[in-house]
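Structural characterization, general
One-letter residues, chain by chain:
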Amino acid sequence: MQTYLVGGALRDELLGLPVKERDWVVVGGTVQQMLDQGFTQVGRDFPVFLHPHTHEEHALARTERNTGPGYHGFEVHASPEVTLDDDLARRDLTINAMARDAQGHLIDPFNGQRDLHERWLRHVSPAFVEDPVRVLRVARFAARLSPLGFRVADETRLLMQRMVDEGELDALVPERVWQETEKALKAPAPTAFFQVLRDCGALAVLFPELEALYGVPQPPRYHPEIDTGVHVFMVLDQATRLSKDPLVRFAALTHDLGKGNTPVEILPSHRGHEERGVVLIEALCDRYRIPNRYRELARLVARYHGLVHRVFELRPQTLARTLEGLDAYRRPERLESALLACEADYRGRTGFEARPYPQADYVRRAQARCAAIQARELVEQGLRGPAIAEALQQQRIRALKALKAEETTDEG
């Protein structure tokens, strides 16, 4: 048996990036030989083992052949006769199809090292088309590596486009789409993920709510970039600069979905897009079984971002209702996330990228004033039931009136 370091660990090491985990391929071995050496088998579909001491994954060299639609019909063959080149040939990208032996020699049959140097994301072989997940994986690698200058090779983009045109993406299961999307949202450049999908036509298939934003105009006075799709990607870029939290980034990405189905007769105005956006977010989250923590923040940002932008103009009564709607007293940490997404929306416009966003601080001050008013004091005054809620609301409105007066005095 011969053991080789393969995949992401080798790629990241050659790029000078931190290596989080190492994967190995074993050539010339059998299941029984692995078990005899103390390895623990964990793979059900193909032989994968955990090392008895390091617990790193070791897989027997294998080949794969697609025998059905999508990626459900793979026939896996693992045996001592499968060569290292056979195993590497089944991988997705050339930069993931390299290996290193125990003596430190690099095995690179598909010129992955050259593509690392030249910053290309390029498919290994025509077998790429057998697995539709690879479209998502290429986009996700772009989200991770585009800050280093990586881009998708033309021939790979065309192959991905062909897969989209032939309906291969219809076989993707919701959980896998979300898994790759969430990884992309955590990556250094998540916008690249969605841009690569758009470039090959996959965005319209997987995220039609986002594709629908392109070509939809906005008032130039507020949106010099005009196109709503361009704006949303700019907002995601701003959210990426402001926060590493994928929830904030997802909320920024989806905050304007309601503009995609604005009635044509009212364009470029988008009156009512907030509530329309909430409906689309619900449908998107249902479709891909997106966790509730993403859904809840995205829903709040979609519904309230316009009010947060106009907070200085709001009447105290309206601001009080807005803070309640944002659940600002029970979940102040989520309010912070919502304010980051709102700031990203404000700055995600041509010429607005570096402007201050004092609205966020004003909302924070308003929340602090209102949160300091305790229902306990009202109970001690003898109030009960609905009377407590009414008195609490009135005290909050008075506190917000005082805050507004202070702000006006300071400005004067």
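Look a little higher up for the structure.
Description of the structure in this document.

1. Section: the overall build of the protein chain
If you tally the helices and strands in the protein chain, you get 19 helices and 11 strands. For the protein chain, the C-alpha atoms occupy an extent of roughly 80 × 50 × 35 Å along the three principal directions. Within the protein chain, the fraction of its 412 residues that count as buried is 50%. Just so you have it, the protein chain exposes about 19300 Å², and 50% of that area is on carbon and sulfur atoms.

2. A word on the nonpolar core
With 70 residues, the main nonpolar core has Phe194 and Phe207 as its most contacted residues. The element contributing the most residues to this core is helix α5 (residues 133-145), with 9 residues. Apart from residues no more than four positions distant in its own chain, phenylalanine 194 is found in contact with Thr181, Leu185, Leu203, Phe207, Leu210, Phe233, Leu236 and Leu253. Grouped together as the second largest cluster of nonpolar side chains are 24 residues, Cys342, Tyr362, Val363 and Leu403 included.

3. Details of the layout of surface pockets
Rolled over the atoms, a probe sized like a water molecule indicates the empty space that remains. Roughly 610 Å³ of volume is contained in the second largest pocket. In terms of lining, the second largest pocket is formed by 24 residues, of which the most central are Tyr222, His223, Lys259, His309 and Arg310. Within the residue set of the lining of the second largest pocket, elements represented by two or more residues are α13 (273-288), α14 (292-309) and α16 (332-347). At 3 residues, α14 tops the list of elements feeding residues into the lining of the second largest pocket. Residue composition of the lining of the second largest pocket, grouped by class: 5 nonpolar, 11 polar and 8 charged.

4. Some remarks on unusual backbone geometry
Note that the residue after leucine 267, namely proline 268, is joined by a cis bond; omega there is 5 degrees. On the secondary structure map, proline 268 appears in the loop between α12 (246-254) and α13. At arginine 119, a position not held by glycine, the phi torsion is positive, near 65 degrees. Look at arginine 119 and you get partly exposed, because its relative accessible area is 25%. Within the chain, isoleucine 226 stands out as a residue other than glycine whose phi angle is a positive 65 degrees. Its location among the elements puts isoleucine 226 in the loop between α10 (208-211) and α11 (228-242).

5. Regarding the pairing of strand β5 (residues 57-60)
As paired strands, strand β2 (residues 23-27) and β5 are joined by 4 bridges and run parallel to one another. Bridging across to β5, tryptophan 24 finds its partner in histidine 58. Summarising the sheet, strand β4 (residues 48-50) and β5 pair through 3 bridges and their orientation is antiparallel. Across the sheet, valine 48 pairs through a bridge with alanine 59, a residue of β5.

6. Topic: empty space enclosed by the protein
On inspection of all chains with the given rule, the structure shows 3 cavities of 30 Å³ or more. Taken as a whole, the largest cavity encloses approximately 40 Å³ of empty space. What lines the largest cavity is simply Trp178, Thr181, Phe194, Phe207, Leu210, Phe250, Leu253, Thr254 and Leu284. Listing elements by their share of the lining of the largest cavity, those giving two or more residues are α7 (174-185) and α12. For the lining of the largest cavity, the element with the most residues is α12, which contributes 3 residues.

Quick notes on the rules
- Residues numbered from 1 in each chain as written.
- Predicted model: local features only at pLDDT ≥ 70, side-chain atom pairs only at ≥ 80, totals over all residues.
- Heavy atoms only, no water.
- Helix = DSSP H or I, 4+ residues; strand = E, 2+ residues; numbered from the N terminus.
- Buried < 20%, exposed > 50% of the residue type's maximum accessible area, 1.4 Å probe, protein only.
- Areas by Shrake-Rupley, 256 points an atom, 1.4 Å probe, with all protein chains shown as cover.
- Core = buried A, V, L, I, M, F, W, Y, C linked by side-chain atoms within 4.5 Å.
- Contact = heavy atoms within 4.5 Å.
- 1 Å grid on protein atoms, 1.4 Å probe; cavity = no way out; pocket = protein on both sides within 12 Å on 5 of 7 lines; lining within 4 Å.
- Points joined across faces, edges and corners; volume = space filled by probe spheres on them.
- Nonpolar A, V, L, I, M, F, W, Y, C, P; charged D, E, K, R; others polar.
- Pairing = 2+ DSSP bridges.

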